[in-house]
Amino acid sequence: MSTRDDWMSHITLFARLARSAPALILMLTLAGSAALAKTQVQPPAPGAPAAAPAPTQVIKHIVVNGTQRVEPQTVVSYISLREGDVYNPQTTDIALKTLYQTGLFADVKMRFDGSTLTITVVENPIINQIDFEGNDKVSTKDLQKEVQLKPRTVFTRSKVQADVQRIIELYRRNGKFAASVDPQIIQRPQNRVDLIFSITEGPSTGVARINFIGNKVFDDATLKSQIATEESDWYKFLSTNDNYDPDRLTFDREMLRRWYVSHGYADFHVVSAVAELSADRRAFYINFTVDEGPQYKFGKVEIESSIRELPASVLRPSVKIKSGDIYNAELIQKAIDSLTNAAGTKGYAFAEVHPRIARNRDAKTIDVILKIDQGPRVYIEKITINGNNRTLDKVIRREFRLVEGDAFNRALVDRSRTRIRGLGFFKDVTVKNSPGSQPDRTNLTVTVAEQSTGELSLGAGYSSTSNFVGEFSYTERNLFGRGQYVRTSVQLSTISKQFQFSFTEPYFMDRPLAAGFDLYKILTDYQQATYEGDTTAGVIRFSFPTSEYGLVALRYTYQIDKITPFLSAPLEVQLAAGENKTSKIGYSFIYNTLDDPIKPTKGMVLTLSQEFAGLGGSLKYIRNQAQVTVYSPMFWDNVVGSLSLQTGYITGYDGTTIPIQERFFKGGDTFRGFAQAGVGPRDTVVRGDGGAVGGNFFAIGTLQAKLPSFLPDSYGVQMALFSDFGTVGHLDTAIPSCTLSSCIKDNLAIRASAGLAVAWKSPFGPITIDFGIPFLKTSYDRAQLIYFSAGTGL
């Protein structure tokens, strides 16, 4: 019964709670809101004191620990924190990164204890020295240029790794793709290290094959000859281009484009150039995929000139483009250069030539219109000379054909550069013009790169003429930077002893008048002419220009000759025995239009000279000589042809017979293919190379073609094909009948030879070897197939 009552009581209670639930929920909500309001910050009552702010931390002291070479003040100067600043973790973090970025420290730590900021650093070591081990393909000198780290600089591992990559890249450019570099460090006292790059070069990676895909007009062999990269082969041990180089491959793409465009294929392009490394990593296979396109010809060629002094009719002959010719982009560039130079000669320094090209794909022609915008006629405002650290300004300026205030003239600017380069004091000369302070003003800047002009040599050598040669000489071509020339030399050889002193002032009394003198003594054991000679002489010289290309030289010579014949000497030589004194004056006229005094490609040199002996002394004669040499480009690229013609005649007067030492002796380097004094009158009774008696007349010509070098320019090797032809003879004494002791042969028969000349700029000076074969000669001439000489070039 009780249990039932209990259940009924619980049910009643729940019913009451259910009826009062809304009122209960409202009461609980109000109670929560009141509690929340109590927890919120109430504004201070009027007049009540404000709450105290949070305390700040100020850096009162900055302490630097761990420095060895770097001063603590220097460390502090790198960061923005200073004593008295409020400590801020973000600012401290920036300072930490800044110290790392200096590269001076291997580790940096910062600690703040409430008043003192302590900076603890570990300095990077200093490099004591850098060595390379295992390098054979690449020289140590080249490696030193490549790496950025140097002795006495700060060592960092990031810089070491960067240099490792530079070395590996250098080896890849030299065909060593398997090369590896291991940097090693040796600790030294005082926080120094030695850095060693240990190199494993690995095998050379050559070029196994070069393939061309898509070429139909030119075969693979032709295209291979146009690019720099070569296929590897056993006989190419001197070549440096038979390995894979990405930069060279880019250059090869451009060379192919130029080749095709120069032959009319204006739409040509290289689709791809891919180098694939073989599985054994020993060779590359290079594939060029090309799109040749059609061949074009020149259509209309027109010139539009806005320069009144240069109408199109005057300019047209200077443009070597004809309608109907195969299109060649190089001809357009040459035409632009020609028109620009033509405008420059009229004073329009900033004339511009704008080519307009219209391609007719249907007719396969390209029309070219060359428009010349004259720009203002300009005058030279200022000439500035740079790079002459030793040479005086006036030495360069006196060679300039223009001065400040002159009208600009391109031809005279080019001529000035040629004259300055012809001094021989500079290895490079450039002349550039830039706008001046006004539109009609221009500034010229002459930049020169000086080279050594002094030479002190002590050496020994061998030549086909003098056999063993020893020489001591001092030569200065630019004495004290004034352009003066001085030379003193002593030369001793098997057949001669020579002593010489020369001096030349190119601008005597600051005028265009060269003055100088020579003193020399020559002792000769002349086996070919079977006599000993002793010559002592002094020469006074003057020269002055007669025009831009002309020069007159005057000289006076006093000479004493002593002749001592050998016992086996012919009668002609024995009759010349004794002493002769010669007092003579002479002159020379030189006309020189060469485009380059060192490596001419076009122009001519004409020399006319005469000597008159008889102003005292025992000899009276007149010597006449003439020579002309013409240079011109030939049909093939990089081949320069030259033709040289020279002649000479000497005759006595007042009963003077020309002695043997004054006659002309030709051969050796003056008539290749023949021995020294091997051409001309000879006493045939004298055996061996002796018996030459010289001639009173000679006429010799030379045809020569300088060939492009098949070796890199750094080897300094040049070659030329030549043919010498001419005659020597005409004695002024009656030739006696042949006897057992003497039989002189003399006629003016034509001799000729042909061969190859090889010149090498060796570390010891220029060396030339002539391989000449005579194909026209007389029975008494002396041939010499190989002639060796030092101190001369092609």
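## What about unusual backbone geometry?
Its identity is not glycine, yet aspartate 510 carries a phi of approximately 55°, on the positive side. Among the structural elements, aspartate 510 can be located in the loop between β19 (496–505) and β20 (514–526). Classification of aspartate 510 by relative accessible area gives exposed; the value is 57%. Even without being glycine, alanine 677 reaches a positive phi, approximately 55°. Locating alanine 677 in the fold gives a position in the loop between β26 (640–652) and β27 (682–683).

## What about the sheet that holds strand β14 (residues 426–435)?
The three strands lie next to each other as β13-β15-β14, forming an open sheet whose pairing is mixed. Strand pairing shows two members of the sheet lacking a second neighbour, β13 (379–386) and β14, which therefore form its edges. Adjacent strand axes in the sheet meet at a mean angle of 15°, parallel and antiparallel pairs treated alike. Sheet topology places β14 next to strand β15 (residues 441–450); nine bridges connect them, and they run antiparallel. Following the sheet pairing, aspartate 428 is matched in β15 by alanine 449. Docked against the sheet, helix α12 (residues 410–422) engages β14 and β15, running at close to 155° with respect to β14.

## Here we look at empty space enclosed by the protein
Where empty space is left becomes clear once a probe the size of a water molecule has been rolled over the atoms. Applying the stated criterion to the full structure yields one cavity of 30 Å³ or more. There is about 30 Å³ of room inside the largest cavity. Lining the largest cavity are Phe664, Phe665, Lys666, Ala677, Val679, Gly680, Pro681, Arg682, Ala692 and Gly694. Classifying every residue of the lining of the largest cavity gives six nonpolar, two polar and two charged.

## Quick notes on the confidence of the model for the protein chain
Model confidence for the protein chain is summarised by a mean pLDDT of 83, while 86% of its residues fall at 70 or above. Scored below 50 in pLDDT, residues 1–15 shows zero contacts in the model against residues more than four places distant or in partner chains. Confidence over residues 17–42 falls short of pLDDT 50; this stretch has one contact with residues more than four positions distant or in other chains.

## Here we look at the packing of aromatic side chains
Evaluation of the coordinates by the stated rule reveals 16 aromatic pairs. Note on tyrosine 87 and phenylalanine 112: the rings are 4.1 Å apart at their centroids and 5° apart in plane angle, and the pair reads as stacked. Here phenylalanine 112 lies in strand β2 (residues 105–112) and tyrosine 87 lies in the loop between α3 (72–78) and α4 (89–101), a separation of 25 residues in the sequence. By relative accessible area, which is 17% here, phenylalanine 112 ends up buried. When the centroid spacing of 5.6 Å and the interplanar angle of 15° are considered together, the rings of phenylalanine 132 and phenylalanine 197 count as stacked. With phenylalanine 132 in strand β4 (residues 126–133) and phenylalanine 197 in strand β6 (residues 192–200), this pair connects stretches of sequence that are 65 residues apart. Taken together through their ring pairs, the aromatic side chains of Phe218, Trp259, Tyr260, Tyr265 and Phe268 make up a single cluster.

## Examining the sheet that holds β4
Two orientations exist for strands paired in a sheet by backbone hydrogen bonds: parallel and antiparallel. Reading across from one edge, β4-β6-β5 is the order of the three strands in this open sheet, with mixed pairing throughout. In the strand order of this sheet, the two ends are held by β4 and β5 (180–188), each with one partner. Averaged over all neighbouring strand pairs, the angle between strand axes comes to 20°, with direction disregarded. Where β5 lies against β6, nine bridges are found, and the strand directions are antiparallel. In the strand pairing of β6, proline 183 is matched with phenylalanine 197.

## Quick look at the side chain of glutamine 559
Examined against the element boundaries, glutamine 559 turns out to sit in strand β22 (residues 550–565). The exposure class of glutamine 559 is buried, given its relative accessible area of 9%. At 2.8 Å, the side chain of glutamine 559 and the side chain of aspartate 561 are in polar contact. Residues in contact with glutamine 559, not counting those within four places in the same chain, are Tyr520, Thr535, Thr536, Ala537, Asn580, Lys581, Thr582, Lys584 and Glu662.

## Points about helix α10 (residues 329–345)
In a regular helix each residue adds 1.5 Å, so 17 residues correspond to 24 Å; α10 covers 25 Å between its end C-alpha atoms and thus fits that length. Looking at α10, one finds that the buried residues are Ile332, Ala335, Ile336, Leu339, Ala342, Ala343 and Gly344. Next to the buried residues of α10 lie β10 (297–305), α9 (312–315), β11 (352–360), β12 (365–373) and α12. At the N-terminal boundary of α10, the capping side chain belongs to asparagine 328, with an oxygen 2.9 Å from the backbone nitrogen of glutamate 330. Glycine 347 occupies a position one or two residues after α10 and carries a positive phi of about 95°.

## Description of the pattern of salt bridges
Summed over all chains, the structure comprises 29 salt bridges. For the salt bridge of arginine 257 with glutamate 254, the shortest nitrogen-to-oxygen distance reads 2.8 Å. Within this pair, arginine 257 and its partner glutamate 254 are both found in helix α8 (residues 246–261), separated by three residues, close to a single helical turn. Note on arginine 257: relative accessible area 35%, which makes it partly exposed. Beyond isolated ion pairs, a larger network of salt bridges with shared partners links Glu399, Arg401, Arg415, Arg419 and Glu548.

## Structural notes on α12
For α12, with 13 residues, the first-to-last C-alpha span of 18 Å sits near the 18 Å given by 1.5 Å per residue. Every buried residue of α12 is accounted for by Arg410, Val413, Arg415, Ser416, Thr418, Ile420 and Arg421. Each element contacted by the buried residues of α12 is listed here: α10, α11 (393–397), β14, β15 and β23 (578–592). At the N-terminal end of α12, a side-chain oxygen is found 2.9 Å from the backbone nitrogen of alanine 411, two or three residues along, and the residue is asparagine 409. Backbone geometry just downstream of α12 places glycine 424 in the positive-phi region, at approximately 80°.

## Some thoughts on the nonpolar core
Core analysis: the largest hydrophobic core is formed by 25 residues, its most contacted members being Tyr327, Leu339 and Leu370. Elements supplying a minimum of two residues to this core: β10, α10 and β12. Looking at this core, the element that brings in the most residues is α10, giving six residues. The contacts of leucine 339, once residues within four sequence positions are left out, are Ile303, Leu315, Ser318, Val319, Val353, Leu370 and Ile372.

Conventions and cut-offs
Residues numbered from 1 in each chain as written. Predicted model: local features only at pLDDT ≥ 70, side-chain atom pairs only at ≥ 80, totals over all residues. Heavy atoms only, no water. Helix = DSSP H or I, 4+ residues; strand = E, 2+ residues; numbered from the N terminus. Buried < 20%, exposed > 50% of the residue type's maximum accessible area, 1.4 Å probe, protein only. Pairing = 2+ DSSP bridges. Axes fitted to C-alpha atoms, helices over the stretch in contact; angles between N-to-C directions. Contact = heavy atoms within 4.5 Å. 1 Å grid on protein atoms, 1.4 Å probe; cavity = no way out; pocket = protein on both sides within 12 Å on 5 of 7 lines; lining within 4 Å. Points joined across faces, edges and corners; volume = space filled by probe spheres on them. Nonpolar A, V, L, I, M, F, W, Y, C, P; charged D, E, K, R; others polar. pLDDT = per-residue confidence, 0-100. Phe/Tyr/Trp six-rings, centres within 6.5 Å; stacked < 30°, edge-to-face > 60°. Polar contact = N/O pair within 3.5 Å; in protein donor to acceptor, adjacent residues only side chain to side chain. Expected span 1.5 Å × (residues − 1). Salt bridge = Lys/Arg side-chain N within 4 Å of Asp/Glu carboxyl O. Core = buried A, V, L, I, M, F, W, Y, C linked by side-chain atoms within 4.5 Å.

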